[in-house]
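The chain contents come next:
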Amino acid sequence: MPENIAARLSERGITIPEPPPSGAHHVPYAVGDPNLFTSGQQPIVDGERRYIGKVGRELSLEDGYQAARVCALNMIGQVRLACDGDLDRVVRCIRINGLVNSAPEFLQQPEVIHGASELIAEVFGDSGLHSRVASGTNVLPFDVAVICDGVWEIRR
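Participant: A description of the pairing of strand β5 (residues 90-101) should follow, citing residues and the corresponding values.
Facilitator: Pairing of β5 with strand β7 (residues 146-154) involves 9 bridges; the strand directions are antiparallel. The partner of Val90 across the bridge, within β7, is Ile154. Sheet topology places β5 next to strand β6 (residues 131-137); 7 bridges connect them, and they run parallel. Residue pairing for β6: Arg95 is matched across the bridge by Ser131. Handedness of the crossover joining β5 and β6 through helix α3 (residues 109-124): right-handed.

Participant: An account of the nonpolar core is requested, with residue identities and associated values reported.
Facilitator: Side chains of nonpolar character tend, in soluble globular proteins, to be buried together. Ile76, Ile120, Phe124, Val146 and Trp152 are the most contacted members of the largest nonpolar core, which has 36 residues in total. Of all the secondary structure elements, the ones that give two or more residues to this core are α1 (5-12), α2 (61-82), β5, α3 and β7. When residues of this core are assigned to their parent elements, the largest contribution, 9 residues, is made by α2. If sequence neighbours within four positions are ignored, Ile120 has contacts with Ala72, Met75, Ile76, Cys93, Ile96, Gly125, Gly128, His130 and Trp152.

Participant: Tell me about the packing of α2 against α3, and name the residues and values.
Facilitator: As a packed pair, α2 and α3 sit with axes 7 Å apart at the nearest point and diverge in direction by 40°. Taken as axis vectors, α2 and α3 run oblique relative to one another. The element α2 and its partner α3 pack so that their crossing is right-handed. Of α3, the residues touching α2 (which contributes Leu61, Gly64, Tyr65, Ala68, Arg69, Ala72, Leu73, Met75 and Ile76) are Glu111, Val112, Ile113, His114, Gly115, Ala116, Glu118, Leu119, Ile120, Glu122, Val123 and Phe124. Tallied by class, residues from the contact of α2 with α3 come to 14 nonpolar, 3 polar and 4 charged.

Participant: For the environment of Glu11, give the residues involved together with the corresponding values.
Facilitator: Inspection of the secondary structure assignment puts Glu11 in helix α1. Among the residues examined, Glu11 registers a relative accessible area of 64% and is labelled exposed. Of the polar contacts made by the side chain of Glu11, one reaches the side chain of Arg12; its length is 3.5 Å.

Procedures and definitions
- Residues numbered from 1 in each chain as written.
- Predicted model: local features only at pLDDT ≥ 70, side-chain atom pairs only at ≥ 80, totals over all residues.
- Heavy atoms only, no water.
- Pairing = 2+ DSSP bridges.
- Helix = DSSP H or I, 4+ residues; strand = E, 2+ residues; numbered from the N terminus.
- Right-handed = clockwise from strand over helix to strand, strands pointing away.
- Core = buried A, V, L, I, M, F, W, Y, C linked by side-chain atoms within 4.5 Å.
- Buried < 20%, exposed > 50% of the residue type's maximum accessible area, 1.4 Å probe, protein only.
- Contact = heavy atoms within 4.5 Å.
- Axes fitted to C-alpha atoms, helices over the stretch in contact; angles between N-to-C directions.
- Parallel < 35°, antiparallel > 145°, perpendicular 65-115°, else oblique.
- Left-handed = near helix turned anticlockwise from the far one by under 90°.
- Nonpolar A, V, L, I, M, F, W, Y, C, P; charged D, E, K, R; others polar.
- Polar contact = N/O pair within 3.5 Å; in protein donor to acceptor, adjacent residues only side chain to side chain.

Encoded structure:
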């Protein structure tokens, strides 16, 4: 585990955004003991949904990768909120689940979700290495390209 996540973020020029609010009858995260579950995060930047459309049709593999990266940033924002602003409370990322809004012929969902996985590993080092599911689907809410959720172990 890195000694100071804030320093790691600064060194890498990564800014974790304020997380978007929950849009329905659910919470953006739930804390168990010792696990934290983040709800599905969309590629929202400054309150606006980005990366709209199907990967492999309207969007490229690189667009999908960037969308997954934004989802991971928003997921980390929710983790930071759940940890009262202290990302050093994260023991490890246990698992992420990534859904890719895919054209029928698009088969590179794992490469899309690498955007989320690589960012989490960059932020948390070895503590960011996680198990993962990368799946394709024919539609996602609001036609966003990617949605990611996660399970995290945190210190109380």
